[in-house]
Amino acid sequence: MLCQECQKRPATVHLTKIINNEKQVWHLCEQCAREKEEFNFDYPPFSLQSLLSGLLNMETQTEAQPVDYPTTKIQCDNCSLTYTQFRQIGRFGCSNCYTAFSDYLFPLLRRLHGSARHVGKIPKRADSTVQLRRNLENLRRKLQQLVEREEFEKAAQVRDEIRRLEKEVQNGGEDYEAKN
Amino acid sequence: MRQRIKAGVVSKWLENTGPDSEVVLSSRIRLARNLRNIPFPYLASDSQTAEVAKQVRGLLQEKPDVFADIHYYAVSELTPLERQALLERHLISPALLKEDHNSAVLLREDESLSIMINEEDHLRFQCLLPGLQLESAWKMADHYDNLFEEALDYAFDEQLGYLTVCPTNVGTGLRASVMVHLPALNLTKRLNRVLSAIAQVGLAVRGMYGEGSEITGNLVQISNQITLGQSDEDIIKNLFGVTKQIVEQELQARQILLNESRDQIADRVNRSFGILKHAHLMSSQEGMQLLSDVRLGIDLGLIEDKKGLALKELLVLQRPANLQLLTGKTLDVFERDRERAKLMRQYLA
Ligand SMILES: [Zn+2]
Ligand SMILES: [Zn+2]
């Protein structure tokens, strides 16, 4: 485990502090621990901003294992926003942040929306294989239902359609584009 | 010389038409869109936001016939009064004015469509129509979104949909909302119960002027909160269904008022009508409340409306900036109260 403060050296000192009846545990390297002691654990300043990021961080408090917090510094290479900054201000810096932070976004999005998967409009210009893949998903679901209902004749037709679409996905969706 | 913002009433949503217009004042669809890899306005450099604005202007110039009825207004070119007037007409958001990142607004001549550039997101399409017309507003927003998408490189992700500044908008980037007039639910003390039921089905409830604004004049805005995991159509259908139920509840409450306290309600709305017709000083808060009463009176048949009074127009015209645009004068608070009362007297005489 790396030191929480500098994220560079291994954490060898484990400090426990009770603040407002809440137990806080710090995992620090020796150097950072000494600095902390000197400043006598400055209390985090209270602000609306921290209240907001507190909401964003809810699951790190309720779950033993923080599931969506990186142990190393994560930064968007396009706009330079760090993941920590994102959690503080609650806003992304650019569209690439979604890729840079992708490993940690799902708990947040699920809490906000109850889902982390887009099912709405798709831009026409977006890679047409997106549409193809979604059609494929729907067809596979349909196939399963048909098999369960033992409607094998229809199921065979759907299976052929799936095979055709799978081929198109492999060809990069060109056939699909030509037709639509 | 550049086009000025028109004084008086031109916004489409202020027309007294549309389905369920006795309860639903307006329907709004908003779509948030961003350009790939250009930092979002709050983080972008001046040249980056200028680039976004340039791309949009380029698109308008490329297809002059398609965008013939759309005007481009840079925020920096608008007078403070014009900015405020657009806010009061619900055509722009406070966020567009907060910081000028080469921000601009595109307005269709009938003001049914506005497209904000470099607001919180790079692009925000907004369609506002009178009455309960979520479906039509969606089709219109969708249409312009498609036109823009042909020319601009949108930030879209297969898994997460349209990528936005705030994680609360990601996915469809869609905010659908209706503004409803619920005087009878308020008078029969049922409003809070209905509003908390709405909140329980995952919809947000606000006053007429957005987040944090109080509920004045019995006007309530209801909108979706979830943008991920639901399709645009489902979000709209859901809000439509809930709105239909609210309309029904309000109409029931109006019937109860008529059956059980006809004299009291007739007295109240006609008193309000009298004040509007005869007062010489009026605050905009009082104006909103009285207009709400008169509208209820007309809807209940307790006030005769031979001329087809444009009460919805008055709601916006009486606001400070629109009032000053209309009179063509800069007015202090006292002068506004006087001009507002005069406006009401003229309209309702
Ligand atoms: Zn350290
Ligand atoms: Zn970024």
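Everything below is about the structure shown above.
Now for a look at the structure at hand. (Residues numbered from 1 in each chain as written. Chains lettered and ligands numbered in written order. Predicted model: local features only at pLDDT ≥ 70, side-chain atom pairs only at ≥ 80, totals over all residues. Heavy atoms only, no water.)

**Regarding the overall build of chain A**
1) Next: What chain A contains, in helices and strands, is nine helices and two strands.
2) Next: Ordered by position in the sequence, the α and β elements of chain A form the string β-β-α-α-α-α-α-α-α-α-α.
3) Next: Among the 180 residues that make up chain A, the fraction classed as buried is 36%.
4) Next: Summarising the internal contacts of chain A: among those between residues at least 6 apart in sequence, 35% fall at separations of at least 24. (Helix = DSSP H or I, 4+ residues; strand = E, 2+ residues; numbered from the N terminus. Buried < 20%, exposed > 50% of the residue type's maximum accessible area, 1.4 Å probe, protein only. Contact = heavy atoms within 4.5 Å.)

**Overview of the pattern of salt bridges**
1) Next: With the rule as written, the count across this model stands at 28 salt bridges over all chains.
2) Next: We note a salt bridge from Lys121 of chain A to Asp145 of chain B, for which the minimum N-O separation is 2.7 Å. Taken together, the residues Lys121 of chain A in the loop between α6 (102-113) and α7 (129-148) and Asp145 of chain B in helix α4 (residues 134-151) connect one chain to another.
3) Next: Assessed through its relative accessible area of 13%, Lys121 of chain A is described here as buried.
4) Next: Notably, a salt bridge pairs Glu151 of chain A with Arg149 of chain A, separated by 2.9 Å at the nearest N-O pair.
5) Next: The partly exposed category is assigned to Glu151 of chain A, whose relative accessible area is 25%. (Salt bridge = Lys/Arg side-chain N within 4 Å of Asp/Glu carboxyl O.)

**Thoughts on the state of the cysteines**
1) Next: All told, the structure shown has zero disulfides over all chains when counted by the stated rule.
2) Next: Cysteine Cys166 of chain B shares no disulfide, and the gap to the nearest cysteine sulfur, in Cys97 of chain A, comes to 13 Å.
3) Next: Judged by relative accessible area, which is 18%, Cys166 of chain B ranks as buried. (Disulfide = S-S within 2.5 Å.)

**With respect to the coordination of the zinc ion (ligand 2)**
All names here are of chain A.
1) Next: Looking at the zinc ion (ligand 2), the protein donor atoms are Cys76 (SG), Cys79 (SG), Cys94 (SG) and Cys97 (SG), and they sit 2.3 to 2.4 Å from it.
2) Next: Because the angles between the four donor atoms bound to the zinc ion (ligand 2) fall within 98 to 124°, the donor set is best described as tetrahedral.
3) Next: Along the chain, the residues that donate to the zinc ion (ligand 2) are spaced as C-x2-C-x14-C-x2-C. Of this pair, Cys79 sits in the loop between α3 (58-62) and α4 (83-89) while Cys97 sits in helix α5 (residues 95-100), and the two are 18 residues apart along the sequence. As far as the burial class goes, Cys79 and Cys97 line up, both buried. (Donors = N, O, S within 2.8 Å, 3.2 Å for Na, K, Ca; no water. Tetrahedral: all angles 85-135°; square planar, octahedral: opposite > 155°, others 65-115°.)

**What to know about the side chain of Glu111 of chain B**
1) Next: For Glu111 of chain B, the location among the structural elements is in the loop between β3 (104-108) and β4 (113-117).
2) Next: Sequence-distant contacts of Glu111 of chain B, that is, excluding residues within four places in its chain, are made with Val10, Ser11, Lys12, Arg89 and Leu91 of chain B.

**Details of the sheet that holds β4 of chain B**
Residues and elements named next belong to chain B.
1) Next: Strand order in the open sheet formed by eight strands is β2-β3-β4-β5-β1-β8-β10-β9, with antiparallel pairing between adjacent strands. The two strands at the open ends of the sheet, each matched to only one other strand, are β2 (70-74) and β9 (203-206). Pairs of neighbouring strands in the sheet enclose a mean axial angle of 20°, with direction left out of account.
2) Next: On the sheet, helix α6 (residues 191-200) packs against β9 and β10 (219-224) and is oriented at approximately 145° with respect to β9. (Pairing = 2+ DSSP bridges. Axes fitted to C-alpha atoms, helices over the stretch in contact; angles between N-to-C directions.)

**As for the nonpolar core**
Residue and element names in this part refer to chain B.
1) Next: If you look at the biggest cluster of nonpolar residues, it comprises 108 residues, and the most contacted ones within it are Ile29, Leu106, Phe148 and Ile222.
2) Next: A per-element tally of this core places helix α7 (residues 232-278) first, with 13 residues.
3) Next: Sequence-distant contacts of Ile222, that is, excluding residues within four places in its chain, are made with Ala176, Ser177, Val178, Val180, Ile198, Leu203, Ala204, Leu239 and Ile246. (Core = buried A, V, L, I, M, F, W, Y, C linked by side-chain atoms within 4.5 Å.)

**Thoughts on unusual backbone geometry**
Residue and element names in this part refer to chain B.
1) Next: One non-glycine residue, Asp20, lies in positive phi territory at about 55°.
2) Next: Positive phi, close to 55°, is recorded for Glu111, a residue that is not glycine.
3) Next: We classify Glu111 as buried; its relative accessible area is 3%.

**Overview of the interface of chain A and chain B**
1) Next: The interface is formed by 32 residues belonging to chain A together with 41 residues belonging to chain B.
2) Next: Carbon and sulfur atoms make up 58% of the surface buried where chain A meets chain B, a total of about 3,100 Å² over both sides.
3) Next: For chain A, the biggest contributors to the area lost against chain B are His113, His118 and Lys121 of chain A; these three give 24% of the whole.
4) Next: On inspection of chain A and its partner chain B, the count reaches two salt bridges.
5) Next: Among the ionic pairs, Asp142 of chain B bridges to Lys121 of chain A, the shortest N-O distance being 2.4 Å.
6) Next: Here chain A and chain B share 18 residue pairs in polar contact (both at pLDDT 80 or more) between them.
7) Next: Per-element tally for the side of chain A that touches chain B: the top contributor is α6 of chain A, with five residues. (Buried area = accessible area lost by both parts, 1.4 Å probe. Polar contact = N/O pair within 3.5 Å; in protein donor to acceptor, adjacent residues only side chain to side chain.)

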